[in-house]
Amino acid sequence: MAATRSIANSAPVSILAYCASSILMTVTNKMVLSHFAFNMNFLLLSIQAMVAIVLLRVFKRVDLISFRKLDKEEARKWFPISLALVAMIYTGSKSLQFLSIPVYTIFKNLTIILIAYGEVLWFGSEVTPVMLLSFAFMVLSSMIAGWSDITSFVPRNPAALIQFNIGYVWISCNCLSSAVYVLYMRKRIKYFNFRDFDTVYYNNIVSLPVLLALSFCLEGWTTGELSRTFSPDVRSALVVAAVLSGVSSFLISYGSAWCVRCTSSTTYSMVGALNKLPVAASGILFLGDPATAGNIIGIFLGFIAGLLYSYSKTKLVQDNHALTNESSLSKAARSADDVLELSVSTSHQNKNAGLPLYNPNPDGKTAD
């Protein structure tokens, strides 16, 4: 029991779990979407949501996590956030379908820029010079990776070229939808007072009906697309891969909360920046994505950009915290001075209250 409690509170184990789940989710999603030529993205997202809900309930049953029960009114108000999440995950899955993992990972960095300037507009945040430098590295890494990807692509026909360009359209939509989701959720999360697994549970259970409806209406269930996708020769492997994708999507949610609890938000931010390198490398190692010079340079520059942004964000939080503490101390000092001044004034008045109305003259005569 003590050993289990020690592991549950271990910072290194939580960091490794978060990194492993992130790599597992990216690789399994890419494998399902590309290796099996899986075109039913909404169905895949539905499977992920169902697996996440089941695992949440199992983990709650064994007292590993806790989350609030579903409330219809809260679910109704949470619905727009779930729609934004569906848009983010769907565009991400379509991006992975057409782009290699290194290129996808590098371009995802551009989301940070959109979120940063969204926070400036919505929450009055500031962009520091170090942040601007990290943004420059992000844009440069994306340009290098994109140029390398384009120059290494030799289209066999015009349709292949169109399909190639669609990947960049999807990743652009994904960056925009990701920024909208993060900013809108941050704006509303305090209103709901949700904790980590409340958010995970509501996101999955509210979005599941929408995903199933979209899959049924748009992905050709009635025209034989479902039977073609799950053909007998790949059915077993595809189901296993889809379920594993759902498990990995849940594990990254759990791993994120675990990492933050056992370390700090600063450490979690740094781990997220460092983790981009192994995630990008996983596509080269496991799925045969091309290891071109442009990809490697882009990954490295994106890695540096992530570190710079994480550092600048951490420093900004620390500076704001220090200013808040200094302001609190100044107010406390002023309050102490006011109390002391009031005490002295009151004491002086009390002394004056005990004095006679007149003082006798030294010669003993009273004044006329």
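Residues numbered from 1 in each chain as written. Predicted model: local features only at pLDDT ≥ 70, side-chain atom pairs only at ≥ 80, totals over all residues. Heavy atoms only, no water.

Novice: Sorry, what's going on with the state of the cysteines here?
Specialist: A covalent bond between the sulfur atoms of two cysteines is what we call a disulfide. Tallied over the entire structure, the rule returns zero disulfides. With no disulfide partner, C175 has as its closest neighbouring cysteine sulfur the one in C173, 9.4 Å distant. (Disulfide = S-S within 2.5 Å.)

Novice: It is not clear to me how the environment of S178 should be interpreted in this structure. Could you clarify?
Specialist: In this fold, S178 is placed in helix α8 (residues 158-192). Looking at S178, the relative accessible area reads 3%, which means it is buried. For the pair formed by S178 and I112, sequence separation is 66 residues and the distance between their alpha carbons is 9.3 Å. Apart from the residues lying within four places of it in its own chain, the contact partners of S178 are M88, K108 and T111. There is a polar contact of 2.7 Å between the side chain of S178 and the backbone oxygen of N174. (Helix = DSSP H or I, 4+ residues; strand = E, 2+ residues; numbered from the N terminus. Buried < 20%, exposed > 50% of the residue type's maximum accessible area, 1.4 Å probe, protein only. Contact = heavy atoms within 4.5 Å. Polar contact = N/O pair within 3.5 Å; in protein donor to acceptor, adjacent residues only side chain to side chain.)

Novice: Just to check I follow, could you spell out helix α6 (residues 110-123) for this structure?
Specialist: At 3.6 residues per turn, the α-helix brings residues three or four places apart onto the same side. For α6, spanning 14 residues, the distance from its first C-alpha to its last is 20 Å, which sits close to the expected 20 Å at 1.5 Å a residue. Three or more residues of α6 are buried, namely T111, I112, I113, I115, A116, G118 and E119. G124 sits one or two residues past α6 and shows a positive phi near 70 degrees. (Expected span 1.5 Å × (residues − 1).)

Novice: I keep staring at the confidence of the model for the chain and nothing clicks. Help me out?
Specialist: Reading fine detail from the predicted coordinates is not recommended where pLDDT is low. Taken residue by residue, the chain gives an average pLDDT of 75. The fraction at 70 or more is 74%. In the model of the chain, helix α1 (residues 2-8) stands out as the element of lowest mean pLDDT, 62, in contrast to helix α3 (residues 41-61), which has the highest, 89. (pLDDT = per-residue confidence, 0-100.)

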